[in-house]
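One-letter residues, chain by chain:
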Amino acid sequence: MTDTAKHSKASNAMWGGRFAAGPDAIMEAINASISFDKRLYAQDIRGSRAHAAMLSAQGIISNKDAEAIGEGLLTVLSEIEAGNFPFRTALEDIHMNVEARLKDIIGEPAGRLHTARSRNDQVATDFRLWVRDQCDAAITALSALIRACLAQAEAGADWVMPGFTHLQTAQPVTWGHHMMAYVEMFARDRARFEDARRRMNECPLGAAALAGTGFAIDRFATAAALGFDRPMANSLDAVSDRDFALEFLSAASICAMHMSRLAEELVIWSSAQFRFVAMSDKWSTGSSIMPQKRNPDAAELIRAKIGRILGANVALFTVMKGLPLAYSKDMQEDKEQVFDAADTLMLALAAMSGMISDLSVNRDRLEAAAASGFSTATDLADWLVREAGLPFRDAHHVTGTLVALAEKKGCDLPDLALEEMQAVNPAITAAIFDVLGVRNSVASRQSYGGTAPDQVRAQVARWKEALR
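Residues numbered from 1 in each chain as written. Predicted model: local features only at pLDDT ≥ 70, side-chain atom pairs only at ≥ 80, totals over all residues. Heavy atoms only, no water.

Undergrad: Which residues make up helix α12 (residues 297-320), and what are the values?
TA: For α12, spanning 24 residues, the distance from its first C-alpha to its last is 36 Å, which sits close to the expected 34 Å at 1.5 Å a residue. The largest bend in α12 amounts to roughly 25° and is located at Ala304. Residues of α12 that are buried make contact with α10 (235-240), α11 (243-269) and α13 (335-358). (Helix = DSSP H or I, 4+ residues; strand = E, 2+ residues; numbered from the N terminus. Expected span 1.5 Å × (residues − 1). Bend = angle between axes of the 7 residues up to and from the residue. Contact = heavy atoms within 4.5 Å.)

Undergrad: Could you give an account of the pairing of strand β2 (residues 168-174), naming the residues involved and the relevant values?
TA: Of the pairings in the sheet, the one linking strand β1 (residues 160-165) to β2 comprises five bridges and is antiparallel in character. The partner of Val160 across the bridge, within β2, is Thr174. Adjacent in sequence and paired antiparallel, β1 and β2 are bridged by two residues, among which His166 carries a positive phi angle near 60°. (Pairing = 2+ DSSP bridges.)

Undergrad: Lay out the packing of α11 against α12 with the relevant residues and their values.
TA: Put simply, α11 and α12 touch, their axes get as near as 8 Å, and they point 160° apart. Put simply, α11 runs roughly antiparallel to α12. With respect to the hand of their crossing, α11 and α12 are arranged in left-handed fashion. In terms of residue class, the contact of α11 with α12 is made up of 18 nonpolar, four polar and three charged. (Axes fitted to C-alpha atoms, helices over the stretch in contact; angles between N-to-C directions. Parallel < 35°, antiparallel > 145°, perpendicular 65-115°, else oblique. Left-handed = near helix turned anticlockwise from the far one by under 90°. Nonpolar A, V, L, I, M, F, W, Y, C, P; charged D, E, K, R; others polar.)

Undergrad: Break down a nonpolar patch on the surface for me, citing the residues and quoting the values.
TA: Taken together, the side chains of Leu210, Leu236 and Leu325 define a hydrophobic patch exposed on the protein surface, amounting to about 270 Å² of accessible area. In this structure, Leu236 sits in helix α10. Of the residues examined, Leu236 reaches a relative accessible area of 32% and is grouped as partly exposed. (Patch = residues over 30% accessible without salt bridge, like charges linked within 9 Å, V, L, I, M, F, W, Y side chains within 5 Å. Areas by Shrake-Rupley, 256 points an atom, 1.4 Å probe, with all protein chains shown as cover. Salt bridge = Lys/Arg side-chain N within 4 Å of Asp/Glu carboxyl O. Buried < 20%, exposed > 50% of the residue type's maximum accessible area, 1.4 Å probe, protein only.)

Undergrad: Account for the state of the cysteines, with residues named and values stated.
TA: For the coordinates displayed, the defined rule picks out zero disulfides. No disulfide involves Cys203; its sulfur sits 16 Å from the nearest other cysteine sulfur, which is in Cys135. Here Cys203 falls in the buried class, since its relative accessible area comes to 0%. (Disulfide = S-S within 2.5 Å.)

Undergrad: Quick rundown of the environment of Thr75? Include the residues and the values.
TA: Summarising the element assignment, Thr75 is placed in helix α5 (residues 63-81). When its relative accessible area of 32% is taken as the criterion, Thr75 is described as partly exposed. Along the chain, Thr75 and Ser240 lie 165 residues apart, while their C-alpha atoms are 31 Å from each other.

Undergrad: Could you give an account of the packing of aromatic side chains, naming the residues involved and the relevant values?
TA: Tallying each qualifying case throughout the model produces nine aromatic pairs. Ring geometry for Phe193 versus Phe248: centroids 5.7 Å apart, planes at 55°, classification tilted. Of this pair, Phe193 sits in helix α8 (residues 175-200) while Phe248 sits in helix α11, and the two are 55 residues apart along the sequence. In this structure an aromatic cluster arises from ring pairing among Phe127, Trp130, Phe244 and Phe339. Over the ring of Phe228 we find Arg132, and its NZ or CZ is 4.7 Å from the ring centre. In this arrangement the basic side chain of Lys335 is found over the ring face of Phe127, its NZ or CZ atom lying 5.5 Å from the centre. (Phe/Tyr/Trp six-rings, centres within 6.5 Å; stacked < 30°, edge-to-face > 60°. Lys NZ or Arg CZ within 6 Å of the ring centre and 35° of its normal.)

Undergrad: Tell me about the pattern of salt bridges, and please be specific about residues and values.
TA: Under the defined criterion, the tally for this structure stands at 30 salt bridges. A salt bridge links Arg242 to Asp334; its shortest N-O distance comes to 2.6 Å. Pair noted here: Arg242 is in the loop between α10 and α11 and Asp334 is in the loop between α12 and α13, with a separation of 92 residues, a long-range link. Each member of the pair, Arg242 as well as Asp334, carries the same accessibility label: buried. Arg308 serves as the salt-bridge partner of Asp340, at 2.4 Å between the closest nitrogen and oxygen. Of the two residues, Asp340 is situated in helix α13 and Arg308 in helix α12; the sequence distance between them amounts to 32 residues. Where salt bridges share partners, they join Asp195, Arg198, Arg199 and Glu247 into one cluster.

Laid out in structure tokens, this is it:
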């Protein structure tokens, strides 16, 4: 018998007597998912062991058969982990491959494992377990990235740098304040994964094909055994829901977008024109023909990863958008995108944590840049309101006139003579120079969430406590 015939025979045996002829090679190729869903092997075996234990506890199968199934599944697990498992495309997916190998090992009792369940609730359970694990991994990785940003923020709580809007110099801020902005972003990302995990922590197992089962199963027992809070309350929803995967991809997309923004800043800041930061050799590469180059390749690659992750999100939304209840084979296309997005996210998080931890900051260059571009113009306007009693709009006009004068003279605001300022508005006194320095500017921003070093240190302390 040829290998193809053997595969067809094996496939037919799993399907029972419904089909007289095996699928041809093209149908087998489009129908099989074992090439990627074998990643679910640990979750599949865990779910099957919980199911078998429940069937035994309910008297649906014998304790002897349940024990044989449980031990046999552990053997299958060890074979897969050792790289000795004979995955077969003809058996379509991880579920059929595991069950067929279990039958090879323990014989007839293996056929009792699938009592009171379907591949529909089986794959929904396996996939949900896997995505839940990825949420846990993302939460851990984000905690590490937040700590790296906190360390930078604490070190540079009083390092003055330019703040930007439209990538134009706006007002002075501190390096610590800038890093704390990313702490807040990544903390929201972590909270999204935590929230998604809570919502997905319901168990589909026992929903069977779509309508539940007539066997007296205990779905609460299997849910508890697998670490779920409860079983899903509707069998149709249980087998057809992929919201948990979509939520994971949505959270991953937002997180990747945040990393892309930080990566973009690292690319800009490490350029010869800015020289705000330098990345270590671990995260940089050279040029094949330009020996002076240090390219921020890791940051650039992270910046690109959002495309893959967001693409996975759009792809799964597109798969799910038109599906009637309950299960459709379209849903086999749910996993590859999620697998790739999860791998991409974890790699990007690890690289970003490494880059931020190793980042060298050019403090002097930051402060020199902070003082350029009329960055204390708003401080001048605020002083006119606070000390000279001008309405803000009038103060804004006076300040704009002084900026225009400084531009014409080719100098910055602190370089204007007091007499020149008083010619624009006689209420200006020498005290104005106390607010035109960038250090004075950032020190004055004491409002909650502001850039003042004391505020930054308070936020650092708050997050360090929260991370404990």
